[in-house]
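An overview of the molecular structure
Residue strings, one per chain:
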Amino acid sequence: MSLDQSFIGRAYPPTRPYEVGREKIREFASAIKDESPLCRDVEAAKAAGYPDVIAPPTFAVILSMGAHDAIVEDPQLGLDYSRVVHGQQEFTHHRPIRAGDRLVTVVRVDDIKTRAGNDFLTVRAEISTVEGEPVCTAKSMLVARGTAEGEE
Amino acid sequence: MGVRISEVAVGDRLPELSVPLTRADLVRYAGASGDFNPIHWNERFATEVGLPDVIAHGMLTMAVAGRLVSEWTGDPGAILHYGVRFTRPVVVPDDGTGAQVDVSGKISAINEDGTVKVVITAKSASQGVLGGATAIVRLPE
């Protein structure tokens, strides 16, 4: 069955704060083999004008993906997550994520489309500090393969 | 370290990057990112859902392709916008070698606000794995 179009525009409550740690940034940078000292060395980061080590540009996926759970596990939406693949991803950084940040994420459904038996779900995650400073906007397009079979 | 806005022109190519990815790399990325989908580490599960073998996380491919830009600028924080489409999975066989992602890119625009647009190409086994991959970066004066 196709996904319910009335979910377009729906926003979910903010996640609980995520505390960005230096070692988590280092672990993520190592996992993507990013050797940048700005992700590892506080002095190097300060010399580049940052208050602490900064995260690689795709680190925000940890927050956006975690927040997506509210949508993909919403029984009312009825998404079959075992059929979901990642179609597109984009990050707009208002400033780099850095160690010491306490971040909350609000996700909303931007769009739902059905094409050739597949559902295309566009989800936007607004990541900001607990004080309300915008940090990153992450847009994801998720494709649920074959879930809209027999329609269209 | 790094490149300045006065040093670049439309059409300039960035230094290329080749990134090997093994099963161990996928397990490490799963742990770091929190994405434990078994299609990224369990061959039995991957083939059951119709994949040829275990595949890399799309987000890992996006991350290593993004290094092309952050290593060129010397500052991961210089990337203001980064977007990709996942067009084809990176298949990572358990053969001791794994896969390789080859990343290249060039400057496609220098914008009026002083930012630079980079178009990124990522290939594995000679086939494109990302579509429409672009980054907007702010370079120092």
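Scroll up to find the structure this text is about.
Here we summarise the structure given alongside this text. (Residues numbered from 1 in each chain as written. Chains lettered and ligands numbered in written order. Predicted model: local features only at pLDDT ≥ 70, side-chain atom pairs only at ≥ 80, totals over all residues. Heavy atoms only, no water.)

Notes on the overall build of chain A
- Within chain A, the regular secondary structure consists of 3 helices and 5 strands.
- Going from N to C terminus, chain A has its helices and strands arranged as β-α-α-α-β-β-β-β.
- With the C-alpha coordinates aligned to their principal axes, the bounding extent of chain A is approximately 60 × 30 × 20 Å.
- In chain A, which comprises 152 residues, the proportion classed as buried is 49%.
- Within chain A, contacts between residues separated by at least 24 positions form 70% of all contacts whose residues are at least 6 apart in sequence.
- A total of about 7000 Å² of accessible surface is found on chain A, and carbon and sulfur atoms cover 49% of it. (Helix = DSSP H or I, 4+ residues; strand = E, 2+ residues; numbered from the N terminus. Buried < 20%, exposed > 50% of the residue type's maximum accessible area, 1.4 Å probe, protein only. Contact = heavy atoms within 4.5 Å. Areas by Shrake-Rupley, 256 points an atom, 1.4 Å probe, with all protein chains shown as cover.)

Quick look at the interface of chain A and chain B
- Taken together, the contact pairs 29 residues of chain A with 32 residues of chain B.
- For the chain A and chain B pair, buried surface summed over both sides reaches about 2500 Å², with 61% attributable to carbon and sulfur atoms.
- The tally of links from chain A across to chain B stands at 1 salt bridge.
- The salt bridge involving Asp25 of chain B is made with Lys33 of chain A; its shortest N-O contact spans 3.0 Å.
- Residue assignment for the side of chain A that touches chain B shows that the elements contributing at least two residues are helix H1 (22–31), helix H3 (61–72) and strand E2 (84–93) of chain A.
- The residue makeup of the side of chain A that touches chain B, split by class, is 15 nonpolar, 8 polar and 6 charged. (Buried area = accessible area lost by both parts, 1.4 Å probe. Salt bridge = Lys/Arg side-chain N within 4 Å of Asp/Glu carboxyl O. Nonpolar A, V, L, I, M, F, W, Y, C, P; charged D, E, K, R; others polar.)

As for the nonpolar core
- By size, the foremost hydrophobic cluster in this structure holds 85 residues, and its most contacted members are Phe59, Ile97 and Leu121 of chain A together with Val69, Trp72 and Ile120 of chain B.
- Top element by residues in this core is helix H3 (residues 58–73) of chain B. It accounts for 9 residues.
- Ignoring any residue separated from it by four or fewer positions in sequence, one finds Val69 of chain B in contact with Leu14, Ile79, Val118, Ile120, Ala135 and Val137 of chain B. (Core = buried A, V, L, I, M, F, W, Y, C linked by side-chain atoms within 4.5 Å.)

Concerning a nonpolar patch on the surface
- Taken together, the side chains of Val27, Phe36 and Trp41 of chain B define a hydrophobic patch exposed on the protein surface, amounting to about 320 Å² of accessible area.
- By secondary structure assignment, the location of Val27 of chain B is in helix H1 (residues 23–33). (Patch = residues over 30% accessible without salt bridge, like charges linked within 9 Å, V, L, I, M, F, W, Y side chains within 5 Å.)

Description of the pattern of salt bridges
- A full pass over the atoms with the stated rule returns 16 salt bridges over all chains.
- Measuring nitrogen to oxygen at the nearest pair gives 2.9 Å for the salt bridge that ties Arg124 of chain A to Asp110 of chain A. Taken together, the residues Arg124 of chain A in strand E4 (residues 118–129) and Asp110 of chain A in strand E3 (residues 102–115) connect sequence positions 14 residues apart.
- Classification of Arg124 of chain A as partly exposed rests on a relative accessible area of 23%.
- Overall, the relative accessible area of 23% leaves Asp110 of chain A in the partly exposed class.
- Notably, a salt bridge pairs Arg44 of chain B with Glu48 of chain B, separated by 3.9 Å at the nearest N-O pair.

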